[in-house]
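Commentary on secondary and tertiary structure
One-letter residues, chain by chain:
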Amino acid sequence: MYKSIIVNITFIKYRLYFIFFVFIFLACSHKKTIKVERISNVKYYTVTNDIYPTLPGRLLYQDGKIFWEDALNSLLFMHMYDEKTGKELYSFANKGSGPEEFNRPTPTLLPDGGLMIKDLGSRLAIIYKPSGDTLKGTPTAFLGGGNWTRIAAINDSTLVYLYPGKEIPFKLQCKYQATHFGHRPINESCTNGYELFKGNIRYNSKRKILVYCPINFLYMATYDLSNSKIKLIRETENGIKHTRENGKILLSKSTPFGTRDFDMTKDYIVAVQSDKEYEEALDKQIYADKQISSTHSVFVYDYDLNLLKIYNFPFAIVRIAGDNLSNDVYLLASTPDFKIIRFKI
């Protein structure tokens with residue numbers, strides 16, 4: 001009898017120990033809350049205010065060169081500036097139906113140096129390589145047609161396409177070999193995926209990762225492209241409120257707007273996103289009775305997708321670019337005149 005009591009007591013004791021250690025483990029493994037730092041009165045340097053776009057398109061930075069796209073211009077719609085002097089070095093690339101002209105151009109940086117412009121309506125791509133005082137354009141062709149909306153170059157012969165209308169939205173195309181991967185933020189079949197899941201993709205050649213952010217709602221995902229087995233590294237929690245109607249996914253009216261543009265630096269993902277409280281107050285101050293909303297904030301995430309900092313600016317931010325060798329960030333800002341500025345995280 002006494003032995004039975006001792007055994008029971010011992011069992012209860014070890015059971016309590018087990019529960020205690022499980023509790024401690026769960027408490028320790030719980031994700032720590034990170035206090036987000038808000039920064040205003042940001043110190044920045046004006047690279048150039050000598051730009052006059054009809055509609056600013058992509059902004060890209062690489063090796064002391066800044067590329068920006070004049071999206072509504074047909075002749076010489078791409079521009080390359082020297083980051084140190086702020087002077088324009090080249091204007092290049094034309095839209096049209098002639099040879100080596102683009103119908104719907106999409107620019108992307110080449111990790112090994114230079115810029116590629118891929119035509120959405122054909123296989124045409126032109127690789128531009130700056131060298132000293134010259135800029136050489138070499139026409140080439142890529143497979144991978146269809147309703148893609150964005151590209152990211154992995155190297156001079158490999159692209160990742162974003163197909164927002166497909167349930168597997170990414171395709172890595174290397175010559176004749178294609179690899180489909182990934183999933184959409186709302187992993188449900190729908191008839192309006194093409195519009196709903198549009199966004200931007202960028203590739204970081206130093207970390208070998210692809211990042212995707214949609215425009216219509218807040219979401220971010222990173223994929224490991226370091227080998228042939230592409231895998232999802234992490235994604236932000238999917239708490240996107242939505243309903244369904246006639247095969248469509250309808251977002252809740254309270255859904256915050258997504259990422260207007262983003263890029264990467266050495267240590268951070270930098271995104272143009274709305275800081276609602278700050279921007280509503282600022283817009284009321286600037287525009288008075290006019291119903292105008294613009295984005296004045298840069299959100300800074302680490303590569304674990306934790307939000308660390310929010311930089312608030314007194315002017316609208318149109319485009320963003322990052323230097324993956326440092327933590328310098330470049331903004332195409334509207335003050336209301338357009339200019340390119342640089343600040344350091």
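As shown above, the structure is provided for reference.
Cut-offs used in this document
Residues numbered from 1 in each chain as written. Predicted model: local features only at pLDDT ≥ 70, side-chain atom pairs only at ≥ 80, totals over all residues. Heavy atoms only, no water. Helix = DSSP H or I, 4+ residues; strand = E, 2+ residues; numbered from the N terminus. Buried < 20%, exposed > 50% of the residue type's maximum accessible area, 1.4 Å probe, protein only. Contact = heavy atoms within 4.5 Å. Areas by Shrake-Rupley, 256 points an atom, 1.4 Å probe, with all protein chains shown as cover. Phe/Tyr/Trp six-rings, centres within 6.5 Å; stacked < 30°, edge-to-face > 60°. Lys NZ or Arg CZ within 6 Å of the ring centre and 35° of its normal. Pairing = 2+ DSSP bridges. Axes fitted to C-alpha atoms, helices over the stretch in contact; angles between N-to-C directions. Lys, Arg positive; Asp, Glu negative; His and termini not counted. Salt bridge = Lys/Arg side-chain N within 4 Å of Asp/Glu carboxyl O. Polar contact = N/O pair within 3.5 Å; in protein donor to acceptor, adjacent residues only side chain to side chain.

1. Observations concerning the overall build of the protein chain
For the protein chain, the count of helices and strands is three helices and 27 strands. When each of the 345 residues of the protein chain is scored for burial, the buried share is 46%. Intrachain contacts of the protein chain at a sequence separation of at least 6 include 48% that bridge at least 24 residues. Carbon and sulfur atoms provide 53% of the accessible area of the protein chain, an area that totals close to 18900 Å².

2. A look at unusual backbone geometry
The peptide bond linking Thr 335 to Pro 336 adopts the cis configuration, its omega dihedral lying at 5°. Structurally, Pro 336 is set in the loop between strand 26 (328-334) and strand 27 (338-344). Despite not being glycine, Leu 76 shows a phi value in the positive range, around 50°. On the secondary structure map, Leu 76 appears in the loop between strand 4 (65-70) and strand 5 (78-82). We note that Lys 175 has phi near 55°; this positive angle belongs to a residue other than glycine. You can see Lys 175 is positioned in the loop between strand 13 (170-174) and strand 14 (177-181). Classification of Lys 175 by relative accessible area gives exposed; the value is 57%.

3. Points about the packing of aromatic side chains
Summed over the entire model, instances satisfying the criterion amount to 15 aromatic pairs. Their ring planes at 50° and their centres at 4.7 Å tell us that Phe 92 and Tyr 128 sit as a pair that is tilted. Here Phe 92 is found in strand 6 (residues 88-92), whereas its partner Tyr 128 is found in strand 9 (residues 124-131), with 36 residues between them in sequence. Given a relative accessible area of 6%, Phe 92 falls into the buried group. What links up through ring pairs into an aromatic cluster is the set Tyr 44, Tyr 311, Phe 313, Phe 315 and Phe 343. A cation over an aromatic ring shows up here: Lys 95 above the ring of Phe 77, its NZ or CZ 5.4 Å from the ring centre.

4. Re the environment of Ile 320
One can find Ile 320 in strand 25 (residues 316-322). In contact with Ile 320, not counting residues within four places along its chain, are Leu 59, Arg 202, Asp 261, Phe 262, Asp 263, Val 270, Ala 271, Val 272, Val 298, Val 329, Tyr 330 and Leu 331.

5. Some words on the sheet that holds strand 26
As summarised here, the arrangement of the four strands in space is 2-27-26-25, forming an open sheet in which the pairing is antiparallel. A single partner strand is all that each edge strand has here, and the edge strands are strand 2 (45-48) and strand 25. Taken pair by pair, the neighbouring strands of this sheet meet at an average axis angle of 30°, ignoring direction. The sheet contact formed by strand 2 and strand 27 spans three bridges and is antiparallel.

6. Some details on the side chain of Asp 119
When you line up the elements, Asp 119 lands in strand 8 (residues 115-119). For the buried residue Asp 119, which engages in no salt bridge, the nearest side chain bearing the opposite charge is Lys 118, 6.6 Å off. A distance of 2.7 Å separates the side chain of Asp 119 from the backbone nitrogen of Arg 104, its partner in a polar contact. Leave out the neighbours within four places in its chain, and Asp 119 touches Phe 102, Asn 103, Arg 104, Pro 105, Leu 124 and Trp 148.

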